[in-house]
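Summary of structural features
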Amino acid sequence: MKNNEFITQWVIDTIKKKYADDIALVISHTTLNINESEPCVSYFVPITYRGNELARTFILDGKGFDIWGIPWERLKKFADLEEYNLTVLADSEILYAKNEEWAKRFETLKSNQQRNLADEKKIRECALRSYAQAKQLYTEMLFSEGSDIRMTAGYVLDYLARAVAFCNHTYFKKSQTAQLEEMQQLNNTKIPEGFSELYLSVIKENNETKQKEKCHEAVLTVRKYLEKIYPNNAFKENNYQDLADWYAELSYTWLRLRHYAKEGDFVRVYMWGIFLQNELNGVCEDFCLDKAELMKYYDCNNLDVFINHANELEKQIRREITAGGGIIREYNSKEDFLNENA
């Protein structure tokens, strides 16, 4: 009997003997194994706290085994495309089930995962989230040293590739280890032009500065790809009253900018400007609006240009609210306020 078969049988026998009421399923997931053709216990699904006691990490005959428990709550996150390695659920098979009810529950989660992968709105959300993670990792890489540069560069590529995969309604069966090969095998796939070459060039690059530069190019390449696939009006289901309320809160920041600009206080204009730019970045992404460039126009020697552009952005936000049906709660007098809020 092979070691994989021996361990799998030991786990099932142990469950039947000691954890019959504590563990629902034993699952095989092999796409990350060196030999993925041999079914082997990978994880189990506990239904009581005691069931977690079965977890084991050990080495047998030179090969490491990691038998771990995944609760139903976390399995649902795999189904909802919120976990890192979706393959853990998607490419798994049941080796043991306490009863048919638990087996059906597991298969339902797998079906839900496939349905989410087919959902355009869900996929867009996942793709943009992966891209945002890649950007964050790239920022961290800029301040990294030694081995951390190459490690982080690899994860920048990983999350950029995940964004591309999501756009194609899929995931990577082998996590980050065979992404280029898997992308090339996708049906009707659309990979960003030049991305595969950039991916390889980052891995092959020995110069740290050049590696950072190539990662930057890869980030920009995927950004343009996403902007083309998901134009600003895609999947627009916004509550414009939320935008109106946001504006009512932030309107005082526009007043601050005008006030300090009039006084010539370029430091306060700058610092309140970056605050408003950050807010605009968030709301433009949430409401699929064009990028609101504000700080681009800052010039400490010519605050009028900056304020004029800030005022124009404010008008654009107000127009967007009105067009979307939002209501800006503003009053021309104390009497008007009291009349409405009596």
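Notes on the structure follow. The shown structure was predicted, so the numbers you read here are calculated from the model rather than taken from an experiment. Residue numbers restart at each chain and count upward from 1, following the sequence in its written direction. Residue-level local features of this predicted model are given only where pLDDT is at least 70; pairs of side-chain atoms are given and counted only at 80 or more, and the full residue set underlies all totals for whole chains, interfaces and linings. In computing side-chain values, all of the structure's heavy atoms are included and hydrogens and water are not.

For the rest of this paragraph, the subject is the sheet that holds strand β1 (residues 23-29). At least two DSSP bridges between two strands are needed for those strands to be called paired. A run of H or I in DSSP becomes a helix once it reaches four residues, and a run of E becomes a strand once it reaches two; helices and strands are each numbered from the N terminus. Here five strands make up an open sheet; going across it, the order is β3-β4-β2-β1-β5 and the pairing mixed. Unpaired on one side and paired on the other, β3 (56-60) and β5 (92-97) mark the two borders of the sheet. Between one strand and the next, the sheet's axes are offset by a mean angle of 25°, whatever the strand orientation. We call two residues contacting when some pair of their heavy atoms lies within 4.5 Å. Lines fitted to C-alpha atoms define the axes, with helix axes restricted to the stretch in contact, and inter-axis angles between N-to-C directions lie between 0 and 180 degrees. On top of the sheet, helix α1 (residues 3-18) reaches β1, β2 (41-46), β3, β4 (63-69) and β5; it is set at about 30° to β4, its chief contact. Most of the contacts of helix α2 (residues 72-79) go to β2, to which it runs at about 120°, and overall it touches β1, β2 and β4.

Our focus in this paragraph is the side chain of Ser 144. Note that Ser 144 resides in the loop between α5 (120-142) and α6 (147-167). We define a polar contact as two N or O atoms separated by no more than 3.5 Å, with the added condition that, inside protein, one atom must be a possible hydrogen donor and the other a possible acceptor, whereas residues neighbouring each other in sequence contribute only through side-chain atom pairs. At 2.8 Å, the side chain of Ser 144 forms a polar contact with the backbone oxygen of Glu 140. Beyond its immediate stretch of four places on either side in the chain, Ser 144 contacts Ile 149, Thr 152 and Lys 212.

Further remarks concern the pattern of salt bridges. One side-chain nitrogen of Lys or Arg within 4 Å of one carboxyl oxygen of Asp or Glu is enough to make a salt bridge. Counted by the stated rule, this structure contains 16 salt bridges. Among the salt bridges present, the one from Lys 173 reaches Asp 91, with a minimum N-O distance of 2.7 Å. Here Lys 173, found in the loop between α6 and α7 (179-185), pairs with Asp 91, found in the loop between α3 (87-90) and β5; they are 82 residues apart in sequence, far enough to count as distant.

Another aspect to go through is the packing of helix α10 (residues 240-263) against helix α12 (residues 303-324). The contact between α10 and α12 brings their axes to 10 Å, and the two run at 165°. As summarised for this structure, α10 and α12 are arranged roughly antiparallel, according to the angle between their axes. For α10 against α12, the interelement crossing comes out left-handed. Every residue of α12 that contacts α10 at Tyr 240, Leu 243, Ala 244, Trp 246, Tyr 247, Trp 254, Leu 257, Arg 258 and Ala 261 is listed here: Leu 303, Phe 306, Ile 307, Ala 310, Asn 311, Leu 313, Glu 314, Ile 317, Arg 318, Glu 320, Ile 321 and Gly 324. Polarity classes work like this: nonpolar for Ala, Val, Leu, Ile, Met, Phe, Trp, Tyr, Cys and Pro, charged for Asp, Glu, Lys and Arg, and polar for all others, with Gly in that last group. Along the lines of polarity and charge, the residues of the contact of α10 with α12 split into 15 nonpolar, two polar and four charged. Convention used here: angles under 35 degrees read as roughly parallel, angles over 145 as roughly antiparallel, angles from 65 to 115 as roughly perpendicular, and any remaining angle as oblique. The handedness criterion is simple: a crossing whose near helix is rotated anticlockwise from the far helix by less than a right angle is left-handed, and one whose near helix is rotated clockwise is right-handed.

Pairs of cysteine sulfur atoms within 2.5 Å are identified as disulfides in what follows. Under the definition given, this model contains zero disulfides. Summary of cysteine pairing: Cys 167 is not part of a disulfide, and the nearest cysteine sulfur, belonging to Cys 126, is at 10 Å. Relative accessible area serves as the criterion here: at 12%, Cys 167 is assigned to the buried category. For the exposure calls, accessible area comes from a 1.4 Å probe over protein chains only, and a residue counts as buried if that area is under 20% of its type's maximum, exposed if over 50%, partly exposed in between.

On to the environment of Asp 290. Mapped onto the fold, Asp 290 is located in the loop between α11 (266-286) and α12. When the C-alpha atoms of Asp 290 and Pro 231 are compared, they prove to be 9.5 Å apart, with 59 residues separating the residues in sequence.

A separate point is the nonpolar core. Membership of the largest hydrophobic core comes to 39 residues, with the highest contact counts inside it found for Leu 160, Phe 166, Val 222 and Leu 226. Counting residues per element, the ones that place at least two in this core are α5, α6, α7, α8 (195-204) and α9 (208-229). Examining the composition of this core, we find that 12 residues originate from one element, α6, more than from any other. When residues no more than four places from it in sequence are discounted, the contact partners of Val 222 are Tyr 131, Leu 160, Ala 163, Val 164, Pro 192 and Phe 195. What is meant by a nonpolar core is a set of buried Ala, Val, Leu, Ile, Met, Phe, Trp, Tyr and Cys residues, joined one to another through side-chain atoms within 4.5 Å. In terms of nonpolar packing, the next biggest core, distinct from the first, is built from 28 residues, Leu 257, Leu 294, Met 295 and Ile 328 among them.

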